[in-house]
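Here is what each chain is made of, one letter per residue.
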Amino acid sequence: MRIERVTCHRQLQPFADGPYVMSGGRVEQGFDSLVVALHTDGGVVGWGEMSPLGTTYDPAFAGGAFAAAALLAEALLGAAPAAAHRVLAAALKGHPYAKSAFDMAAWDVLGRAAGLPLHHLLGGADGEGTVLYRPIGRGSPDAMAARAAEYCGRGYRRLQVKVGGNPAADEAGLRAVMRAVPDATIYCDANGGWSTGDARTFLAATTDLAYTLEQPCATFDECRSLRAQAQRPFVLDECIEHVTDAVLAAQAGFDGITIKIARVGGITPARLIRDVAVAYGMSVTVEDTGGADIDTAAMAHLSLTSPAANRAHTVDFHHWVSVSNGTGLPPTDDGLLRAPSGAGLGIEVDVAALGDRVLDVSR
Ligand SMILES: [Mg+2]
């Protein structure tokens with residue numbers, strides 16, 4: 001089986017619930033998504049998706065992914081889908097996010113060709129589904145509490161409260177959320193926005209509260225300097241780019257890592273990093289930086305193959321955005337993301353919803 005044609009689409013995906021507000025004044029209105037289709041000589045077509053969260057979240061931006069797409073597509077022509085990750089690595093040094101949708105599409109091809117849901121190829125499902133969380137963007141305490149109550153009313157059991165600004169304001173927001181939804185599991189995610197001093201102030205003011213701390217400062221060394229003071233579960237996200245970062249996190253005593261499929265370069269490296277983190281006994285979250293149904297299916301399959309004892313949570317991007325790019329994801333009313341039952345990613349892609357093709361190359 002060989003790849004004989006590659007097509008790409010660009011889908012703009014506005015957020016359904018308004019702007020996404022992170023530390024540092026970062027506000028995003030939606031995802032700018034690259035959707036890739038790999039067409040094989042056997043007639044199997046596999047799909048993948050990648051969207052960075054704007055231009056200031058990761059060292060990634062949509063324009064970069066679209067610029068790299070022509071080069072990566074040309075490199076894949078004639079290649080075996082099973083070798084896609086190696087071919088992508090040889091064609092372009094770095095730029096992992098630009099390769100992610102291509103790697104994902106190759107996995108979709110392999111699953112569809114085998115007639116098996118992707119989780120069968122990635123280690124097998126452990127359990128039924130992965131617990132979902134929703135982020136609560138930074139805002140007034142009242143607005144944050146109202147949003148938290150709304151999400152828990154929709155079935156979400158976990159919330160990720162965005163912090164990373166003024167520590168007193170962040171504390172007020174967190175306390176308002178916890179009063180509104182006392183039964184929810186809470187993560188506080190600064191997205192690397194705090195100085196070590198601000199993080200220490202927040203930690204000292206919230207010792208009476210039960211939450212998991214996520215990526216308080218931008219660098220690994222800053223986060224590590226807080227490990228001893230943070231007498232609570234502590235996970236890294238933005239610091240995790242390579243498998244070696246997972247090893248360093250484990251050795252420094254962090255409790256878990258968050259793996260973004262796009263940040264690390266696709267399902268292939270995400271699975272490797274996940275397996276290493278599990279081998280060290282850490283908790284793992286497999287999620288991504290953006291997308292809709294296609295990307296959510298990838299998160300669902302890979303998350304489901306993390307051992308349940310190590311699995312933290314994931315996201316349902318197809319419910320974050322006001323557009324769709326396919327069908328097949330099971331309902332999430334009970335706060336669990338289940339994997340589609342069809343072969344590969346299990347998504348019936350709605351090509352008409354994707355808009356015009358931005359790339360079409362063939363052998
Ligand atoms: Mg995070």
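Quick caveat: nothing in here was measured; it's all calculated off a predicted structure.

Let us look at the overall build of the chain. On a plain count of helices and strands, the chain comes out with eleven helices and 17 strands. For 363 residues, the compact-globule estimate of 2.2 N^0.38 gives 21 Å, and the chain sits close to it at 20 Å. When burial is assessed residue by residue, the chain has 54% of its 363 residues classed as buried. Across the chain, every contact between residues at least 6 apart in sequence was considered, and the portion connecting residues at least 24 apart equals 72%.

In this structure, Asn191 takes a positive phi of about 50° despite not being glycine. For Asn191, the position within the fold is in the loop between strand E9 (185-189) and helix H6 (196-205). Here Asn191 falls in the buried class, since 24 other C-beta atoms lie within 10 Å of it.

Checked against the element boundaries, Ser306 lands in the loop between helix H11 (293-304) and strand E14 (326-327). Looking at Ser306, the number of C-beta atoms within 10 Å reads 27, which means it is buried. The contacts of Ser306, once residues within four sequence positions are left out, are Arg274, Val278, Val284, Val286 and Arg311.

For the pair helix H5 (residues 167-180) and H6, the least separation of the axes is 9 Å and the interaxial angle reads 40°. Judged by the twist between their axes, the crossing of H5 over H6 is right-handed. Contacts between H5 and H6 pair Pro167, Asp170 and Glu171 from the former with Asp198, Thr201, Phe202 and Ala205 from the latter. Class assignment for the residues of the contact of H5 with H6 results in three nonpolar, one polar and three charged.

The strand order across the open sheet built from four strands is E5-E4-E1-E17, with neighbouring strands paired in antiparallel fashion. Where the open sheet ends on each side, the last strands, each with one partner, are strand E5 (45-50) and strand E17 (357-362). Adjacent strand axes in the sheet meet at a mean angle of 15°, parallel and antiparallel pairs treated alike. Bridge analysis of strand E1 (residues 3-14) against strand E4 (residues 30-40) gives eleven bridges, and the strand direction is antiparallel. Bridge pairing links Pro14 to Gly30 in E4.

Here the chain is described as being made up of domain 1 (3-115 + 350-362) and domain 2 (130-348). For domain 1 versus domain 2, the distance between C-alpha centres works out to 23 Å. Across the boundary between the two partners, domain 1 contributes 40 residues, which contact 35 residues of domain 2. Listing elements by their share of the side of domain 1 that touches domain 2, those giving two or more residues are E1, strand E2 (20-21), E4, E5 and helix H3 (96-114). If you tally residues by element for the side of domain 1 that touches domain 2, the top one is H3, at ten residues.

In this section: the packing of helix H8 (residues 243-251) against helix H10 (residues 267-279). Between H8 and H10, the shortest axis-to-axis distance is 9 Å and the interhelical angle comes to 20°. The angle between H8 and H10 falls in the class roughly parallel. In the crossing of H8 with H10, the sense of the turn from one axis to the other is right-handed. Residue-level contacts link Val243, Ala246 and Val247 of H8 to Leu272, Ile273, Val276 and Ala277 of H10. For the contact of H8 with H10, a count of residues per class yields seven nonpolar, no polar and no charged.

Judged by nonpolar contacts, the single largest core of 108 residues is most densely connected at Val36, Leu76, Ala105, Ala148, Leu159, Val177 and Ile257. When residues of this core are assigned to their parent elements, the largest contribution, ten residues, is made by H3. The residues touching Val177, leaving out its near neighbours within four places in the chain, are Ile136, Met144, Ala145, Ala148, Leu159 and Val161.

Okay, the sheet that holds strand E10 (residues 212-214) next. Strand pairing in a sheet relies on backbone hydrogen bonds. The paired strands run either parallel or antiparallel. One open sheet holds the seven strands; their spatial order is E7-E8-E9-E10-E11-E12-E13, and the pairing between them is parallel. Strands at the two margins of the open sheet, each flanked by one partner only, are strand E7 (133-136) and strand E13 (283-287). Here the strands of the sheet are splayed against their neighbours by 25° on average, with no regard to which way each runs. By the bridge criterion, five bridges tie strand E8 (residues 158-162) to E9 in an arrangement that is parallel. In the sheet register, Val161 faces E9, and the bridge partner there is Cys188. Those strands touched by H5 are E7, E8 and E9, and its axis lies near 160° from that of E8.

Conventions we followed
- Residues numbered from 1 in each chain as written.
- Predicted model: local features only at pLDDT ≥ 70, side-chain atom pairs only at ≥ 80, totals over all residues.
- Helix = DSSP H or I, 4+ residues; strand = E, 2+ residues; numbered from the N terminus.
- Rg over C-alpha atoms; globule rule 2.2 N^0.38 Å.
- Buried ≥ 20, exposed ≤ 12 C-beta atoms within 10 Å, placed from the backbone.
- Contact = placed C-beta atoms within 7 Å.
- Axes fitted to C-alpha atoms, helices over the stretch in contact; angles between N-to-C directions.
- Left-handed = near helix turned anticlockwise from the far one by under 90°.
- Nonpolar A, V, L, I, M, F, W, Y, C, P; charged D, E, K, R; others polar.
- Pairing = 2+ DSSP bridges.
- Domains from an automatic or database assignment.
- Parallel < 35°, antiparallel > 145°, perpendicular 65-115°, else oblique.
- Core = buried A, V, L, I, M, F, W, Y, C linked by C-beta atoms within 7 Å.

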